[in-house]
Amino acid sequence: MAVPSSAGAARTGSNPFLRAVAAISTFAGWCSAAMIVAAVSITCQMIFIRFVLNGSTIWQTEAVVYLMIAATLIGLPYVQRLRGHVNVDLFPLMLSMRARFVLAMLTLTLSIAIVAVMLFYGYEFWHFAWDRSWRSDTVWSVRLWIPYLSIPVGFALLLLQLVADLIAVIIGVDKPFGLEDA
């Protein structure tokens, strides 16, 4: 029988680096939540303008889309800190603590490598839009480097949180996958 996971937020102990990264990830989570609230408020305003005042909207739909995408990307490190990403604990639960440690090292290292590649190409994409002064093809004509900035920022913050998770497991502040020895 599988035991439910007791994994909670990533532990930091008294390590100043881990505590700083946890604070940054938490701040990113608050920023993400604020973007969602702003997107919902703009949507309500847009509905009022369209259906109550029978007016047209210019910027609202585009702003809501950009805010929701940015909230998703900026919120990544907070979700990682809380271990809120989709996770299958069955395999790690069946392993010994040593095998769990090796698997955690492997998965965190691969995750760091993949996110680093995403960060590199996200930065390149953002810089391309900034360097060429790209604008959206809408009436609002927003400078695209502004919403695209959430790509490298979000992946950089996620990378930082993943590195902190790896360090926490290596120095023994946190358990692999946040699972206690069964």
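Since this is a predicted model, take the numbers as computed values, not measurements. (Residues numbered from 1 in each chain as written. Predicted model: local features only at pLDDT ≥ 70, side-chain atom pairs only at ≥ 80, totals over all residues. Heavy atoms only, no water.)

J.: An account of the overall build of the protein chain is requested, with residue identities and associated values reported.
T.: Summing up its helical and strand segments, the protein chain has seven helices and zero strands in all. Compactness check: the protein chain gives a C-alpha radius of gyration of 20 Å against a globular reference of 16 Å for 182 residues, more than 25% above the reference. Considered along the principal axes of its C-alpha atoms, the protein chain spans approximately 65 × 40 × 30 Å. For the protein chain, long-range pairs separated by at least 24 residues make up 76% of all intrachain contacts whose partners lie at least 6 apart in sequence. Element-wise, carbon and sulfur atoms account for 70% of the exposed surface of the protein chain, whose accessible area totals about 10,900 Å². Averaged over its 11 positive side-chain charges, the protein chain has a centre that lies 5 Å from the centre of its 9 negative ones. (Helix = DSSP H or I, 4+ residues; strand = E, 2+ residues; numbered from the N terminus. Rg over C-alpha atoms; globule rule 2.2 N^0.38 Å. Contact = heavy atoms within 4.5 Å. Areas by Shrake-Rupley, 256 points an atom, 1.4 Å probe, with all protein chains shown as cover. Lys, Arg positive; Asp, Glu negative; His and termini not counted. Charge placed at Lys NZ, Arg CZ, Asp CG, Glu CD.)

J.: Got a sec to walk through the packing of helix α5 (residues 97-131) against helix α7 (residues 150-170)? Specific residues and values, please.
T.: Following both chains from N to C, one finds α5 and α7 inclined at 160 degrees, their axes separated by 8 Å at the closest point. With respect to their mutual orientation, α5 and α7 come out roughly antiparallel. Where α5 crosses over α7, the two elements pack in a sense that is left-handed. Tallied by class, residues from the contact of α5 with α7 come to 22 nonpolar, three polar and one charged. (Axes fitted to C-alpha atoms, helices over the stretch in contact; angles between N-to-C directions. Parallel < 35°, antiparallel > 145°, perpendicular 65-115°, else oblique. Left-handed = near helix turned anticlockwise from the far one by under 90°. Nonpolar A, V, L, I, M, F, W, Y, C, P; charged D, E, K, R; others polar.)

J.: Would you mind going over the nonpolar core in detail, with residue names and values included?
T.: Counting 13 residues, the largest nonpolar core has V115, F155, L158 and L162 as the members making the most contacts within it. Broken down by secondary-structure element, the contributors of at least two residues to this core are α5 and α7. Per-element accounting of this core gives the leading share, seven residues, to α7. In this view, L158 contacts L76, P77, Q80 and V115; residues no more than four positions away in its chain are not counted. Counting six residues, the second-largest nonpolar core is a separate cluster that includes A28, A70, I74 and L157. (Core = buried A, V, L, I, M, F, W, Y, C linked by side-chain atoms within 4.5 Å. Buried < 20%, exposed > 50% of the residue type's maximum accessible area, 1.4 Å probe, protein only.)

J.: For the environment of L162, give the residues involved together with the corresponding values.
T.: With respect to the helices and strands, L162 occurs in helix α7. For the pair L162 and F128, spaced 34 residues apart in sequence, the C-alpha to C-alpha distance is 27 Å. In this structure L162 touches Q80, L108, S111, I112 and V115, once residues within four positions along its chain are discounted.

J.: Quick one: what's the story with α7, residue by residue and with numbers?
T.: Between its first and last C-alpha atoms α7 spans 30 Å; for 21 residues at 1.5 Å apiece the expected length is 30 Å, and the two agree. With 15 of its 21 residues buried, α7 lies for the most part within the structure. Just downstream of α7 lies G172, where phi reads positive at about 85 degrees. (Expected span 1.5 Å × (residues − 1).)

J.: Mind laying out α5, listing which residues take part and the relevant values?
T.: Every α-helix winds through 3.6 residues per turn, so residues three or four apart in the chain are directed the same way. A rise of 1.5 Å per residue sets the reference length of α5, with its 35 residues, at 51 Å; its end C-alpha atoms lie 49 Å apart and thus fit the reference within 8%. Buried within α5 we find R100, L103, A104, M105, L108, I112, V115, G122, W126 and A129. If you follow the buried residues of α5, they end up packed against α4 (90-94), α6 (145-148) and α7.

J.: So what's going on with the packing of aromatic side chains? Which residues, and what values?
T.: Taken as a whole, this structure holds seven aromatic pairs when the rule is applied. Where W59 meets W140, the ring centres are 6.1 Å apart and the plane angle is 50 degrees; that geometry is what we call tilted. Residue W59 is located in the loop between α1 (16-52) and α2 (60-74), and its partner W140 is located in the loop between α5 and α6; the two are separated by 81 residues in the primary sequence. Plain terms: the ring middles of Y123 and W126 are 5.6 Å apart, the flat faces sit at 40 degrees to each other, and that makes the pair tilted. (Phe/Tyr/Trp six-rings, centres within 6.5 Å; stacked < 30°, edge-to-face > 60°.)

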